[in-house]
Amino acid sequence: MDIDAIMKELTLAEKASLVSGNSAWTVGPIEDKGVPEIFMCDGPYGLRKQENDSAEIYDSIDAVAFPTSVATAASFDRDLMYDIGVTLGKECQAEDVSVILGPAANIKRSPLCGRNFEYISEDPYVTGEMSAALINGVQSQNVGTSLKHFAVNNQETERMYVSADVDERTLREIYLAGFETAVKKSDPWTLMCSYNRINGTYASENKWLLTDVLRDEWGYDGLVMSDWGAVSDRIRGIAAGLDLEMPGSNGVNDALIVEAVRSGRLAEADLDKAVRNVLKLMEKYHSGKREEVFDRDKDHEKAVHAEEESIVLLKNDEVLPLRSDEKIAIIGGFAANPRFQGGGSSHINAHNIVSAVSVMDSYGSCVYSEGFPYDGDRTTDEKMSAAVEAAKNADKVVVFAGLPDLYESEAYDREHMRLPECQNILIEELLKLSKPVIIVLHNGSPVEMPWAEYVDGIVEAYLGGEGVGEAVMNVLYGKVNPSGKLAESFPKKLEDNPSYLNFPGQNHRCNYAEGIFVGYRYYDTKKTDVLFPFGYGLSYTEFEYSNLKTESFGSADNGPIDINSDKIKVSVDVTNVGKVAGKEVVQLYISDKTKAAIRPVHELKGFEKISLNPGETGTVYFELDKRSFAWFNEAVSDWYVASGEYVIEIGKSSRDIVLCESVELKGDAQVLPVIDMDVQIGDLLKNDVTREVVMKVMKEEIDKFTGSDGMDMESLDPMTYNMLQYLPIRTLRSFTYITNERVESIVAALKEEVEKVK
């Protein structure tokens, strides 16, 4: 495609048509101008391709359903995510799909968000790393992705209208950071803006978000599209940086675009930018179009493997793995009809759904009783009694529990964190038999577990794709050693969640009052007990950590590490001290001890998955840069590292830190306080630059206030010290009885001296 030549030939009306969807899933073509058509389809864990122009969710081609993002995130395996992406990319090529809509990189702020199954983590570092890996895999096959939903889409309640009200530091550190990593590490072909407003402005019209941050700061050069129906004011959207409206507006907005350009309300240069980005996307795909085979059976096996790598063993009181010579009672409707995906636009018409019941005979002596349904929250006394009777004759009982489709889906949020009560009641009845009880969970988000203390095993299968039944049985019987770790915290109860008092908001606004304290950042800092912590997961073997080492790349050994110019290399040895091969996720957290800002007790800044045979030792490496230690300082509108002590923590979870190493950093220059009549003397004394200036300019006044000589601050009593610390300069008029002119001269002298230092 000769994009420059095409741009010269397009009429204004044709330009307007190219920045709107031509149908529910297509853009273009304009055949006489050499503009081809491109086709998009929903993702992100399988192809939901419509055979026609229908937007009906359940009307799509036969495809392979991979585990949902909530599951694959628990793998903590970038290579696995990349491989899934490669497979999806090949499937897209086979089906002539130009762009698969995903991954979804929104943060799990509340367990109640109905779409959490499609999101990756409560942690932005995990979100960014895993998103980038999937995107790179898909796009290695010359197929585009659409990183979504940009940004702050953390609830389904009023998702098309609500304003997410968030301070900039929280936006940068929590809700934008995952997107930033994915943009910089994988360069997604497209990025999809969210429905909601952000601090009062729709994401589709938010110039600060779509242009100032995304393009000017992060350097993004791809296409920005709307979520389906997310456009409010199309003209404002184009000016803000929204290139493509999907699925279009039946020509209504096209006509408005033409009129706006002709009247001067919209610069044609802004429209041309959008058109050019659409053409660039078309050229990317069609220049690499090739023949490919969608081998559904082969890809099904990959889906099974992906779930095996993602299952999290939450509890095991020496009851797992099961043995083939044991009599096992399998209870629960999910065993015969597994819930393997979420509801809504990501719903896949699965090729080959494998349940535990369909394969159980090949594992051992198993009997199945439904007990409760997979698709509802009520059962009958007869079904419950039959399940109890089946369990009486078994050595162990495995209950396949979870959330029915009606409990969590796109378009609405959950009302609570509980399982259907009939499931809890049956589990309680089974526990009365005094037999080992193991729970297998099919859910897209954390659930309360009133029986957790009393059951002998808990296996978190999440929504594990079409092969979930086979993968779960392989884990239960030890054919696969579980290695998943939770990419989200499981609170004991909903009220413990930091967003509880503000989710989902009121009066069409949601106040993100908890700020940066999301998920484990809150629970660990507050020392709140959780059911299962972030990063937690058991194995059938044991791992020991040792030999933690840190090494800077360029700083002197005897001085602070200049993190603005140097990087820190971290290594740690991991040994499999058990009897079977296994994989371990090694997690690196940073704890800021400088007290320069209010920060979580620690934050994840690295993870690596290592596979080890019994007795084998391997070394895991991390590399830390300035961003690993930084927080977003609104005073300077940039990422900032204070000089001082930081602790590098190596953990098996956020609550199981096994090794630590302290490092001293030379960070950014201290931010100078604003010097005016209201500046506090303590702020001046805490700053390395202004401290000497204060001692030079204000010695007489401070000595008079404290009754000391030589400003010996250490010898002051606590009351005097703190009164001075929080004393605005202007109050010297009252406490030392100096004139207003003297106060003004002090402020002027402070400003003059600070300018000299600068």
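Every residue gets a number counted from 1 within its own chain, in the order that chain's sequence is written. Given that this is a predicted model, residues contribute local features only at a pLDDT of at least 70 and side-chain atom pairs are listed and counted only at 80 or more, while totals for whole chains, interfaces and linings are drawn from all residues. By convention in this description, side-chain values take in all heavy atoms of the structure and omit both hydrogens and water.

Student: A description of the overall build of the protein should follow, citing residues and the corresponding values.
Tutor: Here a strand is any run of E in DSSP of at least two residues, a helix any run of H or I of at least four, and the numbering for each starts at the N terminus. In terms of helices and strands, the protein carries 25 helices and 30 strands. For a compact globule of 758 residues, the expected C-alpha radius of gyration is about 27 Å, and the protein comes in at 29 Å, within 12% of that figure. Along the first, second and third principal axes, the C-alpha set of the protein runs to 90 × 75 × 50 Å. Looking at the 758 residues of the protein, the share that counts as buried comes to 62%. Any two residues whose heavy atoms approach within 4.5 Å are treated as being in contact. Of all intrachain contacts in the protein linking residues separated by at least 6 positions in sequence, the fraction that spans at least 24 positions is 76%. What sets the accessible areas is the Shrake-Rupley method with a 1.4 Å probe; for residues, cover comes only from the shown protein chains. Taken as a whole, the protein presents about 29100 Å² of accessible surface, with 46% of it coming from carbon and sulfur. Atoms counted for the radius of gyration: C-alpha only. Globule rule: 2.2 Å times the number of residues to the power 0.38. Buried means the residue's accessible area, taken with a 1.4 Å probe over protein chains only, is under 20% of the maximum for its type, while exposed means over 50%, and partly exposed covers the values in between.

Student: Explain the sheet that holds strand E21 (residues 543-552) to me, and be specific about the residues and the numbers.
Tutor: Pairs of strands are assigned from DSSP output, requiring at least two bridges between the strands. A sheet is described by the order of its strands in space; here 3 strands give the open sequence E21-E23-E26, paired in antiparallel fashion. Two strands bound the open sheet, and with one partner strand each, they are E21 and strand E26 (617-624). Strand-to-strand twist in this sheet, taken as the mean axis angle between neighbours without regard to direction, amounts to 20°. Sheet topology places strand E23 (residues 568-576) next to E26; 8 bridges connect them, and they run antiparallel. Note that in E26 the partner of Val570 across the bridge is Phe622. With axes taken as lines fitted to C-alpha atoms, and helix axes fitted only over the stretch in contact, angles between N-to-C directions fall between 0 and 180 degrees.

Student: Help me get a handle on the pairing of strand E11 (residues 312-316), residues and values and all.
Tutor: Across the 5 residues that make up E11, a large majority, 4, are buried. Taken together, the 4 bridges between E11 and strand E17 (residues 457-460) define a ladder with antiparallel strand orientation. Looking at E17, one finds that Lys315 is bridged to Ile458.

Student: For the sheet that holds E11, give the residues involved together with the corresponding values.
Tutor: Strand order across the open sheet formed by 6 strands is E11-E17-E16-E15-E12-E14, with mixed pairing between neighbours. In this open sheet, the two strands that pair with only one neighbour each are E11 and strand E14 (365-369). Across the sheet, the axes of successive neighbouring strands diverge by a mean angle of 20°, strand direction being ignored. Each of strand E12 (327-331), E14 and strand E15 (396-402) touches helix H15 (residues 381-392); the most contacted strand, E14, lies at about 165° to it. Relative to strand E16 (residues 437-442), helix H17 (residues 468-476) is tilted by about 150°, and along the sheet it contacts E12, E15, E16 and E17.

Student: Can you lay out the nonpolar core for me, pointing to particular residues and giving the numbers?
Tutor: Put simply, a nonpolar core is a bunch of buried Ala, Val, Leu, Ile, Met, Phe, Trp, Tyr and Cys residues held in one set by side-chain atoms that sit within 4.5 Å of each other. Grouped together as the largest cluster of nonpolar side chains are 149 residues, with contacts concentrated most on Met40, Leu279, Val399, Phe400, Met449 and Leu476. Among the elements that take part in this core, helix H11 (residues 268-287) stands out by supplying 8 residues, more than any other. Those residues in contact with Phe400 that sit more than four places away from it in its chain are Ile330, Ile331, Gly332, Gly333, Phe334, Ala335, Ala356, Phe372, Val440, His442, Val472 and Leu476. Membership of the second largest hydrophobic core comes to 35 residues, among which are Ile135, Phe179, Val183 and Leu210.

Student: Provide a residue-level description of the packing of helix H21 (residues 688-697) against helix H25 (residues 740-757), including the pertinent values.
Tutor: To characterise two packed helices, one gives the angle between the axes of the helices and the distance between these axes. One can describe the packing of H21 onto H25 by two numbers: an axis separation of 10 Å at closest approach and a directional angle of 140°. Considered as vectors, H21 and H25 are oriented oblique to each other. Relative to H25, the crossing made by H21 is right-handed. Here Val689, Thr690, Val693, Val694, Lys696 and Val697 of H21 lie close against H25, whose contacting residues are Arg742, Ile746, Ala749, Leu750, Glu753, Val754 and Val757. Split into classes, the residues belonging to the contact of H21 with H25 amount to 9 nonpolar, 1 polar and 3 charged. Orientation is classified from the angle alone, with under 35 degrees giving roughly parallel, over 145 giving roughly antiparallel, 65 to 115 giving roughly perpendicular, and any other angle giving oblique. Take the far helix as your reference; a near helix turned counterclockwise from it by less than a right angle gives a left-handed crossing, and one turned clockwise gives a right-handed crossing. In this count, Pro and Cys sit with the nonpolar residues alongside Ala, Val, Leu, Ile, Met, Phe, Trp and Tyr, while Asp, Glu, Lys and Arg are called charged and the others, Gly among them, polar.

Student: Kindly report on helix H23 (residues 718-725), identifying the contributing residues and their values.
Tutor: Of the residues making up H23, those classed as buried are Thr720, Leu724 and Gln725. Down the axis of H23, the buried side of the element spans an arc of 135°, and every buried residue falls inside it. Across H23 from its buried face, at more than 90 degrees, point the exposed residues Pro718 and Met719. On its buried side, H23 packs onto helix H20 (681-686) and helix H22 (699-706). As used in this structure description, the phrase polar contact means that two N or O atoms lie within 3.5 Å; if the pair is within protein, one of them must be able to donate a hydrogen and the other to accept it, and residues adjacent in sequence are counted only when both atoms belong to side chains. Here H23 starts with a cap whose side-chain oxygen sits 3.2 Å from the backbone nitrogen of Met719, and that cap is Asp717. An arc is given here, and it is the one of the directions from the helix axis to the C-beta atoms.

Student: Describe the environment of Phe607, listing the residues and the values that go with them.
Tutor: For Phe607, the position within the fold is in strand E25 (residues 603-612). Taking the C-alpha atoms as reference, Phe607 lies 40 Å from Ser434; in sequence the two are 173 residues apart. When neighbours within four sequence positions are excluded, Phe607 is seen to be in contact with Phe76, Arg78, Tyr125, Val126, Glu129, Met130, Val585, Val586, Gln587 and Phe622.

Student: Now, about the packing of aromatic side chains: what can you tell me, with residues and values included?
Tutor: By convention, a stacked pair of Phe, Tyr or Trp rings (six-membered ring in the case of Trp) has centres within 6.5 Å and planes under 30 degrees apart, an edge-to-face pair has planes over 60 apart, and any other such pair is tilted. Enumeration over the complete set of coordinates arrives at 17 aromatic pairs. On the basis of an interplanar angle of 90° and a centroid distance of 5.2 Å, the ring pair of Phe76 and Phe607 is categorised as edge-to-face. Here Phe76 is found in the loop between helix H3 (69-73) and helix H4 (78-94), whereas its partner Phe607 is found in strand E25, with 531 residues between them in sequence. Phe607 matches Phe76 in its accessibility class, with the two residues each being buried. Relative to Tyr646, the ring of Phe629 has its centre 5.4 Å away and its plane inclined at 80°; by these criteria the two rings are edge-to-face. Of this pair, Phe629 sits in helix H19 (residues 626-629) while Tyr646 sits in strand E29 (residues 644-653), and the two are 17 residues apart along the sequence. On the basis of relative accessibility, which here comes to 0%, the residue Phe629 falls in the buried class. Members of the aromatic cluster, joined through ring pairs, are Phe76, Tyr125, Tyr520, Phe534, Tyr589 and Phe607. Cation over ring: Arg296 sits above Phe294, and NZ or CZ is 3.9 Å from the ring centre. For a ring to carry a charge above it, either NZ of a lysine or CZ of an arginine must fall within 6 Å of the ring centroid while also lying within 35 degrees of the normal to the ring plane.

Student: Which residues make up the pattern of salt bridges, and what values do they have?
Tutor: Each salt bridge in this description consists of a side-chain nitrogen of Lys or Arg and a carboxyl oxygen of Asp or Glu lying within 4 Å of one another. The full count for this structure, using the stated rule, is 56 salt bridges. Residue Arg234 is joined to Glu245 by a salt bridge in which the shortest nitrogen-to-oxygen separation is 3.7 Å. With Arg234 in helix H9 (residues 234-240) and Glu245 in the loop between H9 and helix H10 (252-263), this residue pair connects regions lying 11 residues apart in the sequence. Arg234 gets classed as buried once you look at its relative accessible area, which sits at 2%. Put simply, Glu603 and Arg521 hold a salt bridge, and the shortest N to O gap is 3.3 Å. Placement of Glu603 in strand E25 and of Arg521 in helix H18 (residues 520-526) is noted, with a sequence separation of 82 residues between them. Comparing Glu603 with Arg521 shows no difference in burial state: the two are buried. Shared partners join several salt bridges into a network, and the residues in it are Arg115, Glu118, Lys148, Glu156, Arg159 and Glu410.

Student: Break down the packing of H4 against helix H12 (residues 296-308) for me, with residues and values.
Tutor: For the pair H4 and H12, the least separation of the axes is 11 Å and the interaxial angle reads 160°. Put simply, H4 runs roughly antiparallel to H12. Viewed along their axes, H4 and H12 form a crossing whose handedness is left-handed. Between H4 and H12, the residues in contact are Leu80, Ile84, Thr87 and Glu91 and Asp299, Lys302, His305 and Ala306, respectively. Its residues assigned to classes, the contact of H4 with H12 shows 3 nonpolar, 2 polar and 3 charged.

Student: So what's going on with H11? Which residues, and what values?
Tutor: To estimate the expected span of a helix, subtract one from its residue number and multiply by 1.5 Å. Counted at 1.5 Å a residue, the expected span for H11 with its 20 residues is 28 Å, and the 28 Å between its end C-alpha atoms agrees. Along H11, the positions that sit buried rather than exposed are Leu271, Ala274, Val275, Asn277, Val278, Leu279, Leu281, Met282 and Tyr285.

Student: Please give an account of the pairing of strand E30 (residues 656-666) that cites residues and values.
Tutor: Two faces make up the sheet, and in a regular strand the side chains alternate between them. Here 2 bridges tie strand E22 (residues 561-562) to E30, and the two strands are oriented parallel to one another. Counted as the bridge partner of Ile561 is Leu665 from E30. Pairing between E29 and E30: 9 bridges, direction antiparallel. Counted as the bridge partner of Val647 is Ser662 from E30. Here E29 folds back onto E30 in antiparallel fashion, the turn holding 2 residues.

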